[in-house]
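Breakdown of the fold
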Amino acid sequence: MHAIEKILAQAAGKGTVITGEIVNCQVDLGEVNDLYLQTVRSFFEMGGEKVFDPQKLVFMMDHYSPASTIQQAENQKQFREFCRDQNIPMLFDVDQGVCHQVMVDRGLVYPGMVLVATDSHTTTHGAFGAFGTGVGATDMAVIMITGKLWFRIPEVIHFHLEGKLSKGVMAKDVILKIIGDLGADYGVYKVIDFTGPLLKTLSVSARMTLCNMTTEMGAKASYIQPDDITLEFIRDRVKHDFEIFSTDAGYSYAAEHTYDVSNLKPQLAAPHSVDNVHPLEEFIGRPVQQAFLGTCTGGRVEDLAVAARILKGKKVHQGTRFLVVPASKAVLLEAMAKGIMQTLVEAGATFVTPGCAACLGTHQGILAEGETCITASSRNFPGRMGHPKAEIFVGSPAAVAAAAVEGKIADPAKYLD
Amino acid sequence: MQKIITGKVFVYGANIDTDQIYSGRFLELTDAEDVGKHAMEGVDPAFVREFRPGDIIVASTNFGCGSSREQAAITLKVRGIGAILADSFGRIFYRNAINLGIPLIVCPLIHKMVKKGDLLKVDLTTGQVTNEVTGAKAQAQPLSDYVLKILESGGIKELIRRQIASPA
């Protein structure tokens with residue numbers, strides 16, 4: 001069996017499972033975000049009275065942090081009342097940041113767990129050897145009532161990553177290259193498993209970016225076998241007991257790919273699809289009105305740090321808005337302690353409260369018709385960040401920072417000597 | 001559950017994401033009727049005006065990819081969608097729609113067999129799909145037993161309600 005199958009088998013109370021089988025799994029942690037009041041509504045519509053375990057649920061006020069309309073404020077108010085009535089202690093309010101980063105910061109994510117959230121980017125947690133997957137509001141309400149959810153045991157696709165990243169190339173470029181090669185539906189219903197020597201050179205932050213973006217190829221979950229880097233990261237954070245599962249020798253993958261990244265150049269997903277990926281150099285000189293750095297994909301300390309290296313002693317180009325959104329309060333505090341925020345704000349960055357911000361086009365940096373944005377977030381669907389006729393290029397945090405300096409798409413490598 | 005569904009089709013391409021089905025701008029809306037007003041706005045501004053209850057959406061690959069927003073399924077449910085047929089679906093959208101009792105049918109290359117306005121007949125039990133205008137037929141993938149159980153209950157809410165009322 002694959003490690004992911006072992007996680008699901010254990011959660012379903014079974015010794016073995018086979019691909020395609022439907023199993024009902026105990027969920028270790030369910031996370032609800034503030035976009036979906038329907039979660040609470042479905043809970044009551046199904047006859048829910050008390051949640052199955054208040055300690056196994058997290059509520060996050062992250063997508064609307066802080067509320068910018070009366071309706072958003074009303075929805076958040078109802079979430080807070082629900083948590084109070086149900087004695088749910090883990091309500092992370094608008095000061096905390098994006099769910100996926102906050103759960104990691106707080107040590108709530110550990111190897112071998114089943115983590116389900118009302119957010120598609122829950123695949124992020126494969127970086128810790130967890131089964132993390134996104135669902136909708138009513139599925140989450142089923143978990144809130146029963147503590148369980150059904151899953152189909154998925155096929156697994158294997159990516160063996162070799163080589164070393166060149167200057168100005170980040171984990172984001174690797175995953176964009178893969179999505180561009182294989183398409184936005186290549187991983188639908190499947191798990192993406194990353195292995196190989198490249199991982200030994202990637203921090204937990206970079207691994208989270210890799211796993212986060214597997215959502216953009218349709219994946220149900222991702223997986224990286226926990227190693228010394230994982231254990232070092234979670235040692236002082238995670239208090240929960242955990243078990244590390246591993247994949248049996250001879251496990252049969254649905255497909256296998258090897259990527260040597262040594263000659264990889266910075267990549268961009270051009271409008272209007274995440275699999276419309278080309279080398280960044282094809283777009284050099286294209287003016288951008290907004291450069292967006294942040295989110296669960298690209299707003300960690302390492303991401304802000306590379307931007308600070310690029311912007312140190314420089315100014316954001318006149319006519320370009322450079323929005324910086326740390327992924328969480330912990331990220332913001334660390335970035336402040338290291339002087340990163342100081343550098344970015346002095347250079348002309350607009351600082352935005354930790355949260356999802358403009359990524360999904362709800363607030364804090366919406367694009368006008370005809371504008372072009374380069375973003376370290378995950379998606380460039382039509383209308384994703386505002387007007388349907390705005391153009392969005394998805395790239396690495398380094399590519400975003402280089403564009404902020406020049407006011408147009410630029411190769412980040414030249415700023416990283 | 002209605003076993004045979006017949007409806008007029010609306011045809012779309014590949015990778016129709018949930019932002020196009022239901023824009024992020026409207027995620028704060030909570031009343032179903034309000035959510036229903038913005039169906040497919042990002043891909044087909046005429047959809048709400050032209051779509052009639054019982055009509056069917058046909059798409060190419062990866063329909064409903066992207067965000068986990070259940071509103072993308074709710075908005076189509078409110079419009080009275082009869083069924084959605086596609087080469088493949090985004091997985092969260094698939095679960096969300098089935099949970100609401102919307103039949104989602106995986107039927108490879110179905111989008112090539114129909115054009116907008118054709119009348120399509122879908123037999124949910126056999127998986128037989130017929131274009132009533134051209135006579136073309138296709139065989140869809142069968143629904144899994146569990147998915148059929150959800151649809152037959154009229155959605156997951158009714159299924160869970162019954163479980164709560166009489167625990168096994």
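Quick caveat, the model's predicted, so the values are computed rather than measured.

**Describing the domain arrangement of chain A**
Residues and elements named next belong to chain A. Domains assigned within chain A are domain 1 (3–258) and domain 2 (271–410). Just the C-alpha atoms count here: the centres of domain 1 and domain 2 sit 24 Å apart. Listed by partner, the interface residues are 33 residues for domain 1 and 30 residues for domain 2. Of all elements in the fold, only helix H4 (99–105), helix H6 (171–182) and helix H7 (204–212) reach the threshold of two or more residues within the side of domain 1 that touches domain 2. If one sorts the elements of the side of domain 1 that touches domain 2 by residue count, H6 sits on top with six residues. Of the residues in the side of domain 1 that touches domain 2, the class split is ten nonpolar, 16 polar and seven charged.

**Regarding the interface of chain A and chain B**
The partner chain B presents 33 residues to the 41 residues of chain A that form the contact. Considering every element that reaches the side of chain A that touches chain B, the biggest residue donor is helix H5 (residues 137–146) of chain A, with five residues. For the side of chain A that touches chain B, the residue count by class is 17 nonpolar, 17 polar and seven charged.

**Let's talk about unusual backbone geometry**
At the junction of Ser65(A) and Pro66(A), the peptide bond is cis and its omega measures out at -15 degrees in the coordinates. Mapped onto the secondary structure, Pro66(A) falls in the loop between strand S3 (57–60) and helix H3 (70–85). The omega angle of the peptide bond from Pro271(A) to His272(A) is -5 degrees, so this bond is cis rather than trans. Tracing the chain through its elements places His272(A) in the loop between strand S12 (267–269) and strand S13 (277–279). The residue Gln364(A) is not glycine, and still its phi comes out positive at about 60 degrees. With respect to the helices, strands and loops of the structure, Gln364(A) is situated in the loop between strand S16 (350–351) and strand S17 (372–375). The phi dihedral of Asn15(B) falls on the positive side, at around 55 degrees, and the residue is not glycine. Within the element layout of this structure, Asn15(B) appears in the loop between strand S1 (4–11) and helix H1 (18–21). For Asn15(B), a count of 24 C-beta atoms within 10 Å gives the class buried.

**A word on the nonpolar core**
Residue and element names in this part refer to chain A. Core analysis: the largest hydrophobic core is formed by 204 residues, its most contacted members being Leu8, Leu293, Val400 and Ala401. It is helix H13 (residues 397–406) that contributes the most residues to this core, eight residues altogether. No fewer than three residues from each of domain 1 (3–258) and domain 2 (271–410) sit in this core. Once you skip the residues sitting within four places of it in the chain, alanine 401 turns out to touch Leu293, Val306, Ala307, Ile310, Leu311 and Pro412.

**Some details on helix H5 (residues 91–99) of chain B**
Residue and element names in this part refer to chain B. With nine of nine residues buried, H5 is to be regarded as a mostly interior element. Residues of H5 that are buried: Arg91, Ile92, Phe93, Tyr94, Arg95, Asn96, Ala97, Ile98 and Asn99. Looking at the residues trailing H5, positive phi occurs at glycine 101, about 85 degrees.

**Observations regarding the environment of Leu29(A)**
Residue and element names in this part refer to chain A. Considering the arrangement of structural elements, one finds leucine 29 in strand S2 (residues 29–33). Expressed as a C-alpha distance, the spacing of leucine 29 and threonine 209, which sit 180 residues apart in the sequence, is 21 Å. Sequence-distant contacts of leucine 29, that is, excluding residues within four places in its chain, are made with Lys56, Val58, Leu108, Met113 and Leu115.

**Observations concerning the sheet that holds strand S8 (residues 156–162) of chain A**
All names here are of chain A. Overall, parallel pairing links the four strands, which are arranged S10-S9-S8-S11 in an open sheet. A single partner strand is all that each edge strand has here, and the edge strands are strand S10 (221–224) and strand S11 (255–260). Strand-to-strand twist across the sheet, computed as the mean angle between neighbouring axes with direction ignored, equals 20 degrees.

**Description of the packing of helix H2 (residues 38–45) of chain A against H5(A)**
The geometry of a pair of packed helices is captured by two quantities: the angle between their axes and the separation between those axes. All names here are of chain A. For the pair H2 and H5, the least separation of the axes is 8 Å and the interaxial angle reads 55 degrees. Classed by the angle they form, the pair H2 and H5 counts as oblique. Seen along the crossing, H2 lies across H5 with a hand that is right-handed. In contact with Gln38, Thr39, Ser42 and Phe43 of H2, H5 contributes Ala137, Thr138, Met140, Ala141, Met144 and Ile145.

**Quick look at the environment of Leu108(A)**
All names here are of chain A. Mapped onto the fold, leucine 108 is located in the loop between H4 and strand S5 (114–117). Since 20 C-beta atoms lie within 10 Å of it, leucine 108 is described here as buried. Along the chain, leucine 108 and tyrosine 189 lie 81 residues apart, while their C-alpha atoms are 25 Å from each other. Among all residues touching leucine 108, those that are not within four sequence positions of it are Leu29, Val58 and Met103.

**Here we look at the pairing of strand S18 (residues 391–394) of chain A**
All names here are of chain A. By the alternation rule, side chains of S18 split into Glu391 and Phe393 and Ile392 and Val394, which are all buried. Here S17 runs beside S18; their pairing, made up of four bridges, is parallel. Paired with cysteine 373 across the strands is isoleucine 392, a residue of S18.

**Remarks on the sheet that holds S5(A)**
Taken together, the five strands give an open sheet; going across it, the order is S4-S3-S2-S5-S6 (chain A), and neighbouring strands pair in parallel fashion. Each having just a single partner strand, strand S4 (91–92) and strand S6 (131–134) of chain A make up the two edges of the open sheet.

**A short note on the confidence of the model for chain B**
Per-residue confidence for chain B gives a mean pLDDT of 95, with 99% of residues at or over 70. Scored by ipTM, the complex comes to 0.96, with pTM at 0.97.

Reading the values: rules and limits
- Residues numbered from 1 in each chain as written.
- Chains lettered and ligands numbered in written order.
- Predicted model: local features only at pLDDT ≥ 70, side-chain atom pairs only at ≥ 80, totals over all residues.
- Domains from an automatic or database assignment.
- Contact = placed C-beta atoms within 7 Å.
- Helix = DSSP H or I, 4+ residues; strand = E, 2+ residues; numbered from the N terminus.
- Nonpolar A, V, L, I, M, F, W, Y, C, P; charged D, E, K, R; others polar.
- Buried ≥ 20, exposed ≤ 12 C-beta atoms within 10 Å, placed from the backbone.
- Core = buried A, V, L, I, M, F, W, Y, C linked by C-beta atoms within 7 Å.
- Pairing = 2+ DSSP bridges.
- Axes fitted to C-alpha atoms, helices over the stretch in contact; angles between N-to-C directions.
- Parallel < 35°, antiparallel > 145°, perpendicular 65-115°, else oblique.
- Left-handed = near helix turned anticlockwise from the far one by under 90°.
- pLDDT = per-residue confidence, 0-100.

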